[in-house]
Amino acid sequence: MSIQGKIRGLHHVTATVREAQEDYDFYTKTLGLRMVKETVNFDDENVYHFYYADKVGTPSTVMTTFPYARVGVRQGTIGTGQVATTAFSAPAASMDFWRKHLKDHTVDASEAEAFGMQVLLFRDPSGLQLAIVGDDNDDRDQLWTTDAIGADQAIRGIHHAHLLVAEAAPTLQFLHEFGYETVKEEGNRTLLKAGAGKAGDLLVLEADPSRERGRNGLGTVHHVAHRTANIEDSLAIRAHLMDKYGILATDVKDRKYFRSIYFRIPGGILFEIATEGPGFLIDEDEAELGTNLRLPDWQEPRREVIEQNLVPYER
Ligand code: ZN
């Protein structure tokens, strides 16, 4: 049975970052995303898990971080076997605004062009490589605005994840099997799409054998998650990849806001498939999203201890 069409595009990108305070300030104030959930790493309750997104946490708009600086995690290096760049989407006409806004926030940005689109490249406080792509083919409309960033400028969500590998063929073959199709090639880069193929449904695969292998740690992407309509589709993908492709995948993990399966793809990048539901409104109203520490039921009895161990930061 084919699994084509079951992957609808991206769900979220998760990165290991430095401090909670600088991370919160950067993603909510400099980039103007909404913190839609403050929780802890379900696999390590000593560390926050921050979710930044649009107004309601629409899958494909979600960037998540683990601020790991004080728990002995080393600085990572970006290289092959990783998502090298996480690119956000904004209207093409807002690129002048973003150039100035980033400069005003003392963020150095360089300019590039990729697949006919204008790109601003910059880093977050922990060294994570980010980009904003000017793309008018983006109809996500649950916009979150701030005093400084209006609806004409607001980041619409993630545009694409830029995968870096040493050798293109095995990864490309896998991505086609997984449900992404090639849109076009440009030098050593391939643009791929899933689902409707709009911003948020895209990957860029870059092959560069001269690059060193990336090292997991602060300032690197931990994994990229792709979305499915439901857990049945996720399980069908899991069975297909394990049986016909020899991919070792985890069991289903309950992430409260979605259900997840993890595996490494040829080329070494950690992938997740995550269900679109139940979503971030499961334990908070839209108005109060992200305003209080939320814990899964199984961690709630330990709330006092967990809160004491977390590094405080100011909103
Ligand atoms: Zn994830």
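Our structure's up above, just so we're on the same page.
Residues numbered from 1 in each chain as written. Predicted model: local features only at pLDDT ≥ 70, side-chain atom pairs only at ≥ 80, totals over all residues. Heavy atoms only, no water.

### What to know about the packing of aromatic side chains
Next, step 1: Tallied over the entire structure, the rule returns 23 aromatic pairs.
Next, step 2: Ring centres 5.4 Å apart and planes at 90 degrees place the aromatic pair Tyr-48 and Tyr-313 in the edge-to-face group. Remark: Tyr-313 occurs in the segment after α5 (303-309) and Tyr-48 occurs in strand β3 (residues 44-53); sequence separation between them is 265 residues. This pair shows no difference in class: Tyr-48 is buried, exactly as Tyr-313 is.
Next, step 3: With 6.0 Å between their ring centres and 75 degrees between their planes, Phe-178 and Phe-263 make a pair best called edge-to-face. Placement of the pair is Phe-178 in helix α3 (residues 168-178) and Phe-263 in strand β15 (residues 259-264), with a sequence separation of 85 residues. A single burial state applies to Phe-178 and to Phe-263, both of which are buried.
Next, step 4: A connected cluster of aromatic rings, assembled from ring pairs, spans Tyr-24, Phe-26, Tyr-27, Tyr-48, Phe-50, Tyr-52 and Tyr-313. (Phe/Tyr/Trp six-rings, centres within 6.5 Å; stacked < 30°, edge-to-face > 60°. Helix = DSSP H or I, 4+ residues; strand = E, 2+ residues; numbered from the N terminus. Buried < 20%, exposed > 50% of the residue type's maximum accessible area, 1.4 Å probe, protein only.)

### Quick look at the environment of Leu-281
Next, step 1: Along the chain, the position of Leu-281 falls in the loop between β16 (270-275) and α5.
Next, step 2: Once the C-alpha coordinates of Leu-281 and Val-119 are considered, the two residues, 162 residues apart in sequence, prove to be 32 Å apart.
Next, step 3: Other than its neighbours up to four places away in sequence, Leu-281 contacts Glu-286 and Leu-289. (Contact = heavy atoms within 4.5 Å.)

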